[in-house]
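# Report on the structure
One-letter residues, chain by chain:
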Amino acid sequence: MRQLANFFIMQCIIAYRSKTALFWSFLYPLAMLVLMLSVFGDAKGAGVTGDDPRLMTVTGVFVITIMSGGIFALTTVLAADFQSGVYKRLKVTDLNRFHVTIGLMLRQLIIIVLGIMLVTAGAAVLFSVYPNGNFFSVLLLIFIGSVLFSSVGIIIANLCSRPQTAIAIANAIFLIMIFLSGSTFPKTFFPDWLAVISQTLPASYLFDLIESQLFYGESLLENSQDFLVLSAMCLIAFGISVKTFKWE
Amino acid sequence: MSIISISGLVKRYGKIPALKGISFDVRHGEIFALLGPNGSGKTTTLEILMGLRSFNEGEIRYFDAAGQQKVGLKIGPVFQTPVYYDNLTVRELIKYYSQFYDTPSNHVDKYFDLVNLLDKLDCQYKDLSGGQKQQLSILLSLVNDPDILFFDEPSNALDPQIRLKIWDIIRTLKSEGKTIIFTTHYIEEAEALADRVSILSKGEILVTDNPENIIKLYNDSFKVEFTLEQPVDVESFEQFGVVGMSFFDGVYSFSVDSINGRLMQIVKDMSEKLSISKITIGKSSLEDVFVRLTGEKAAS
């Protein structure tokens, strides 16, 4: 536990001092919020109904924040660290792969939660958009999403022998997820075949569940099936990320 | 008394053999060098001993000071290129790396005098020079009070002054009872530091002994080196009764068992027929043995 705590604190300091991490974790989501609310703010044209259609855009930015903090940020940093040999050195300590993967995921969770708080504040202050939903349910979804996509980031970094390959794959997965999950375009735009593919993506489950909270104000129980599928995906991804962690 | 005993170690990368059944043992409190050219298997051996790589065949056994077999040892690693997080300070690196062990130790403070880092404690790692990074790396290898230290080419690419500093640190650690295994392709480094040396080539150990014995065993002779104003073919020296003449980088060299009348006659005959510009006669070194055994010129 002491080793995990120290690894986590060390990772937080590293992230705090990294300009790249700060950009992708905070400035990028905020910029996406401003851009998307300015361009897609009124989603009524896409057949979306509800109290405030702009909440769907905010939901999309939440999911983008979780995915960029999980997949993109973690793959980029980890692949570079694998190549430089930082983790090879750590392997010779008494840290194990659980300490490292959980420490990295906790760091990303903190960063993602702070990023989402910033997005929420930005939406309220700049656009007067106020999300619905149960705070703890949303927090739980952010936790599951963060662990899921951080696991995906770790898996990509582990499976690729070169940082450039890892970043290219992370980019491809990230872009497919944000375009097909409904985070940037309402799914009502999709043809039937694409909607079927979209519905299999973890980002789609996350988007739908957060949307059900922020937009419709539903409880998790009302969407228990989707919640269980997302949780199962999270557990499987976490297991694979720990199992495949290879230190270099 | 051995601290590590390695027998029949085989490592293959796919179908390519990196280690072909090497065997050696390292004794408590000694400095042991793995000397060899690039690609000879030094780093692979070290990384297997550190637990960073698996091996295909063979056995590695660890022993405590009383000779009892142990499951593993506390190890302190120093890699060829120091690898730490760029934006952590020296103080933070020491603090966190100390806490990554099951039994954290604060005894590293006593080594601060050994390395010149006291005024760099609040500097970020990226702002340190290459020599300071390597000294920090050595300091961090001591945070868990290790039984054995593994140094992979510790003075590689460092300037001579820093290299001597690193040698001093290694000698001090030995004087405190630490066992040290290091790899190097610098022959003078092995000769200056090591109690015993294994010379590796192409995944095989050619010889293991102390440097003096290796020289005695393989080349207890004198080496004659000279340059000519007009270079000639090495085979033409047979007319003077010289066998085994070599030519490298403008310098001719051959070995003789002792300085006697025959050598003097050879030198006299050569100087009559050739224009010798410079000649030196000296005792053979570990480098001569290394070149003879591996067939490769040493790094300098």
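Residues numbered from 1 in each chain as written. Chains lettered and ligands numbered in written order. Predicted model: local features only at pLDDT ≥ 70, side-chain atom pairs only at ≥ 80, totals over all residues. Heavy atoms only, no water.

## Topic: the overall build of chain A
- From N to C terminus, chain A includes 10 helices and zero strands.
- In sequence order, chain A lays out its α and β elements as α-α-α-α-α-α-α-α-α-α.
- Relative to the globule expectation of 18 Å for 248 residues, the C-alpha radius of gyration of chain A, 18 Å, shows essentially globular dimensions.
- If you line up chain A on its principal axes, its C-alpha atoms span 55 × 40 × 35 Å.
- In chain A, the share of contacts with a sequence separation of at least 24, taken over all contacts with a separation of at least 6, comes to 82%.
- A total accessible area of about 10600 Å² is found for chain A, and carbon and sulfur atoms account for 70% of it. (Helix = DSSP H or I, 4+ residues; strand = E, 2+ residues; numbered from the N terminus. Rg over C-alpha atoms; globule rule 2.2 N^0.38 Å. Contact = heavy atoms within 4.5 Å. Areas by Shrake-Rupley, 256 points an atom, 1.4 Å probe, with all protein chains shown as cover.)

## Some remarks on the packing of helix α3 (residues 54-84) of chain A against helix α7 (residues 163-180) of chain A
All names here are of chain A.
- For the pair α3 and α7, interaxial distance at closest approach is 9 Å and the crossing angle is 175°. Our classification of the angle between α3 and α7 gives roughly antiparallel. Residues I64, M67, S68, I71, F72, T75, T76, A79, A80 and Q83 of α3 form the contact with α7, whose own contacting residues are P163, A166, I167, A170, N171, I173, F174, M177 and I178.
- Its residues assigned to classes, the contact of α3 with α7 shows 14 nonpolar, five polar and no charged. (Axes fitted to C-alpha atoms, helices over the stretch in contact; angles between N-to-C directions. Parallel < 35°, antiparallel > 145°, perpendicular 65-115°, else oblique. Nonpolar A, V, L, I, M, F, W, Y, C, P; charged D, E, K, R; others polar.)

## Structural notes on the packing of helix α5 (residues 97-127) of chain A against helix α10 (residues 224-244) of chain A
Residue and element names in this part refer to chain A.
- Between α5 and α10, whose axes approach to 9 Å, the crossing angle comes to 130°. The pairing of α5 with α10 is recorded here as oblique in orientation. You can see that α5 and α10 cross each other, and the crossing is right-handed. Here α5 contributes R97, F98, T101, I102 and M105 to the contact with α10, which in turn contributes F238, S241, V242 and K243.
- Partitioning the contact of α5 with α10 into residue classes produces five nonpolar, two polar and two charged. (Left-handed = near helix turned anticlockwise from the far one by under 90°.)

## Concerning the interface of chain B and chain A
- Contact with chain B, which involves 24 residues of that partner, is made by 25 residues of chain A.
- Buried area between chain B and chain A, summed over both chains or domains, comes out near 2400 Å², and the portion from carbon and sulfur atoms is 57%.
- Joining chain B to chain A, the criterion identifies two salt bridges.
- One salt bridge connects R17 of chain A with E92 of chain B, and the closest N-O pair in it is separated by 2.7 Å. (Buried area = accessible area lost by both parts, 1.4 Å probe. Salt bridge = Lys/Arg side-chain N within 4 Å of Asp/Glu carboxyl O.)

## Remarks on the nonpolar core
- In terms of nonpolar packing, the biggest core is built from 123 residues, with F7, Y87 and L90 of chain A together with Y85, L136 and L173 of chain B touching the most fellow members.
- With 15 residues, α3 of chain A is the single largest residue contributor to this core.
- Residues within four places of Y87 of chain A in sequence aside, it is in contact with F7, Q11, L78, D81, F82, V100, L104, F245 and W247 of chain A together with Y85 of chain B.
- Of all hydrophobic cores here, the second largest spans 26 residues; its members include V92 of chain A together with L34, F79 and V83 of chain B. (Core = buried A, V, L, I, M, F, W, Y, C linked by side-chain atoms within 4.5 Å. Buried < 20%, exposed > 50% of the residue type's maximum accessible area, 1.4 Å probe, protein only.)

## Points about the pattern of salt bridges
- A complete count under the given rule lists 13 salt bridges over all chains for this structure.
- A salt bridge links E47 of chain B to K88 of chain A, with the nearest nitrogen and oxygen atoms 2.6 Å apart. Here E47 of chain B, found in helix α1 (residues 42-49), pairs with K88 of chain A, found in helix α4 (residues 86-91), and the two come from separate chains. The burial state of E47 of chain B is the same as that of K88 of chain A; both residues are buried.
- Among the salt bridges present, the one from D145 of chain B reaches K178 of chain B, with a minimum N-O distance of 2.8 Å. Taken together, the positions of D145 of chain B in the loop between α3 (130-140) and β7 (148-152) and K178 of chain B in the loop between α4 (160-175) and β8 (179-184) put the pair 33 residues apart, joining distant regions of the chain.
- In the salt-bridge network here, residues are joined through shared partners; they are K88 of chain A together with E47 and R53 of chain B.

## So, the pairing of strand β4 (residues 57-63) of chain B
Residue and element names in this part refer to chain B.
- With five bridges connecting them, strand β1 (residues 2-13) and β4 associate as antiparallel partners. By the bridge assignment for β4, S7 is matched with E59.
- One ladder, built from two bridges, connects β4 with strand β5 (residues 69-70); its direction is antiparallel. Opposite Y62, over in β5, you have K70 as the bridge partner.
- The antiparallel hairpin formed by β4 and β5 contains five residues in its connecting segment, where G67 sits at a positive phi of about 90°. (Pairing = 2+ DSSP bridges.)

## As for the UniProt feature "transmembrane region" (unreviewed entry) in chain A
- Mapped onto this numbering, the UniProt entry annotates "transmembrane region" (unreviewed entry) at residues 21-40, 60-80, 109-130, 136-159, 166-185 and 227-245 of chain A.
- Strand forms 0% of residues 227-245 of chain A and helix 95%; the C-alpha atoms that close the span are 27 Å apart. (UniProt positions renumbered as here; feature names shortened; annotations may be inferred.)

## Considerations on the domain arrangement of chain B
- Taken domain by domain, chain B holds domain 1 (2-216) and domain 2 (221-283).
- Inter-centroid distance (C-alpha atoms) of domain 1 of chain B to domain 2 of chain B is 40 Å. (Domains from an automatic or database assignment.)

## Remarks on the confidence of the model for chain A
Residues and elements named next belong to chain A.
- In this model, chain A carries a mean pLDDT of 87, and residues with pLDDT of at least 70 account for 96%.
- Here helix α2 (residues 19-40) is the element of chain A with the lowest mean pLDDT, 84, and α10 is the one with the highest, 94.
- Segment residues 44-49 is flagged for pLDDT under 50; beyond a separation of four residues in sequence, or across chains, it makes nine contacts in the model. (pLDDT = per-residue confidence, 0-100.)

## Some remarks on the packing of aromatic side chains
Residues and elements named next belong to chain B.
- For the structure on display, the rule yields 21 aromatic pairs over all chains.
- Members of the aromatic cluster, joined through ring pairs, are F226, F237, F240, F247, Y252 and F254.
- Positioned above the aromatic ring of Y125, the side-chain terminus of K133 is 5.0 Å from the ring centre.
- The ring of Y186 carries the charged tip of R163 above its face, separated from the ring centre by 3.9 Å. (Phe/Tyr/Trp six-rings, centres within 6.5 Å; stacked < 30°, edge-to-face > 60°. Lys NZ or Arg CZ within 6 Å of the ring centre and 35° of its normal.)

## Looking at the side chain of S181 of chain A
All names here are of chain A.
- Relative to the assigned elements, S181 resides in the loop between α7 and α8 (192-198).
- Reaching out from S181, the side chain makes a polar contact with the backbone oxygen of M177 at a distance of 2.7 Å.
- Among the polar contacts listed, one links the side chain of S181 to the side chain of S183, at a separation of 2.6 Å.
- When neighbours within four sequence positions are excluded, S181 is seen to be in contact with I176, K187, A203, S204 and F207. (Polar contact = N/O pair within 3.5 Å; in protein donor to acceptor, adjacent residues only side chain to side chain.)

## Digging into helix α6 (residues 135-159) of chain A
- Over its 25 residues, α6 of chain A extends 36 Å from the first C-alpha to the last, a length consistent with the 36 Å expected when each residue adds 1.5 Å.
- Counting buried positions over the 25 residues of α6 of chain A gives 19, a clear majority of the element. (Expected span 1.5 Å × (residues − 1).)

## With respect to helix α1 (residues 2-17) of chain A
- With 16 residues, α1 of chain A should cover 22 Å at 1.5 Å per step; its first-to-last C-alpha distance of 23 Å lies within 8% of that length.
- Tucked into the core, α1 of chain A has its buried residues touching α2, α4 and α5 of chain A together with α2 (90-99) of chain B.

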